[in-house]
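An overview of the molecular structure
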Amino acid sequence: MPLSEHEQRMLEQMERALYAEDPKFATALEGSGLRTYTRRRVYQAVAGFLVGIALLMAGMVAKQVWLSVVGFLVMLGCAVLAVTGWRKAPKPGEQPAGGQQARRQPRQKRSMMDRIEERWQRRRDEQGGH
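Residues numbered from 1 in each chain as written. Predicted model: local features only at pLDDT ≥ 70, side-chain atom pairs only at ≥ 80, totals over all residues. Heavy atoms only, no water.

1. Describing the overall build of the protein
Convention followed: Counting from the N terminus, the helices are the DSSP runs of H or I reaching at least four residues and the strands are the DSSP runs of E reaching at least two. Here's how the labels work: a residue is buried when its accessible area is under 20% of the maximum for its type, exposed when over 50%, partly exposed in between, all with a 1.4 Å probe on protein chains only. Whether two residues are in contact is decided by their heavy atoms, any of which lying within 4.5 Å being enough.
Within the protein one finds six helices and zero strands. Its helices and strands in sequence order give the protein the pattern α-α-α-α-α-α, from N to C terminus. Relative to its 130 residues, the protein shows a buried fraction of 15%. The contacts of the protein with a sequence gap of at least 6 include a subset with a gap of at least 24, amounting to 51%.

So this is what it looks like as C-alpha cells:
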C-alpha cells in the first residue's frame, strides 16, 4: 500500500530534519554513500584475507600451528565479510531499502509487522464473510 499524502509529507519533513541535524550521517545513509561504505568494507575484507594467507604460510614455514590456525580463521572471517558485504551493496543507480523504489514495489521486502498486519486483516475479512 503506498503512503498517503500526509505520510509522505511527514517522511519528507523527517528527512529534512535529519539532514539539518546530522548531515554527515544522512549522507552516509544515501545510496551512493552506502555503496561506497560497503565497497570499502569488501576491499578491507579482501586485504584481511590476504593477511590471513600470509599468516597461514608464515605459520607453516615457522612450524607454528597456532599461527596457521589464526591465519585460517582470519581468512574465513574476511571471506564471510566480503561475501555478505558484496551481497548487501546496492547496485549503481539503485536506492537502499526504504527509498523511493521500495515504495513503488512493496512486495519486494516487507517488514515483519507489515506481514503480521496483512495476515490479521485477511483473517478479519475471512471471518466477516462467514
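Structure shown, so let's carry the discussion forward.
2. As for unusual backbone geometry
The residue K63 is not glycine, and still its phi comes out positive at about 55°. As for its position among the elements, K63 is in the loop between helix 3 (31-61) and helix 4 (65-88).

3. Things to note about the pattern of salt bridges
Rules: The term salt bridge refers to a pairing of a side-chain nitrogen on Lys or Arg with a carboxyl oxygen on Asp or Glu at a separation within 4 Å.
With the rule as written, the count across this model stands at one salt bridge. The partner of R122 in a salt bridge is E118, and the shortest N-O contact between them spans 3.2 Å. On the criterion of helical spacing, the pair formed by R122 and E118 is a turn pair, its members being four residues apart in helix 6 (residues 112-129).

4. With respect to the UniProt feature "transmembrane region" (unreviewed entry) in the protein
Applicable threshold: UniProt positions are given in the numbering used here, feature names are shortened, and annotations may be inferred rather than shown by experiment.
Sequence positions flagged by UniProt for "transmembrane region" (unreviewed entry) are, in local numbering, residues 42-60 and 66-86. For residues 42-60, the end-to-end C-alpha separation is 27 Å, with 100% helix and 0% strand making up the annotated structure.

5. Overview of the confidence of the model for the protein
Regions with low pLDDT should not have their predicted coordinates read in detail. Inclusion rule: Per-residue confidence from the prediction method is given by pLDDT, with values spanning 0 to 100.
For the protein, mean pLDDT is 76; residues scoring 70 or higher make up 70% of the total. The lowest-confidence element of the protein is helix 5 (residues 100-104), averaging 44 in pLDDT; the highest-confidence one is helix 4, averaging 88. A low-confidence stretch, residues 98-106 (pLDDT under 50), is modelled with eight contacts involving residues beyond four sequence positions or located in other chains.

6. Some remarks on the environment of C78
You can see C78 is positioned in helix 4. Once the C-alpha coordinates of C78 and F49 are considered, the two residues, 29 residues apart in sequence, prove to be 5.4 Å apart. Filtering out sequence-adjacent residues up to four positions away, C78 remains in contact with A45, G48 and F49.

7. Describing a nonpolar patch on the surface
Quick note on the threshold: Exposure above 30% relative accessible area and no salt bridge define the residues that can form patches, which grow by joining like charges within 9 Å and nonpolar side chains of Val, Leu, Ile, Met, Phe, Trp and Tyr within 5 Å. Throughout, the Shrake-Rupley method with a 1.4 Å probe supplies accessible areas, and for residues the shown protein chains are the sole cover considered.
The grouping of V65, V69, F72, L73, L76 and V80 at the surface amounts to a nonpolar patch, some 570 Å² of accessible area in total. If you trace the backbone, V69 turns up in helix 4. Since its relative accessible area comes to 44%, V69 is described here as partly exposed.

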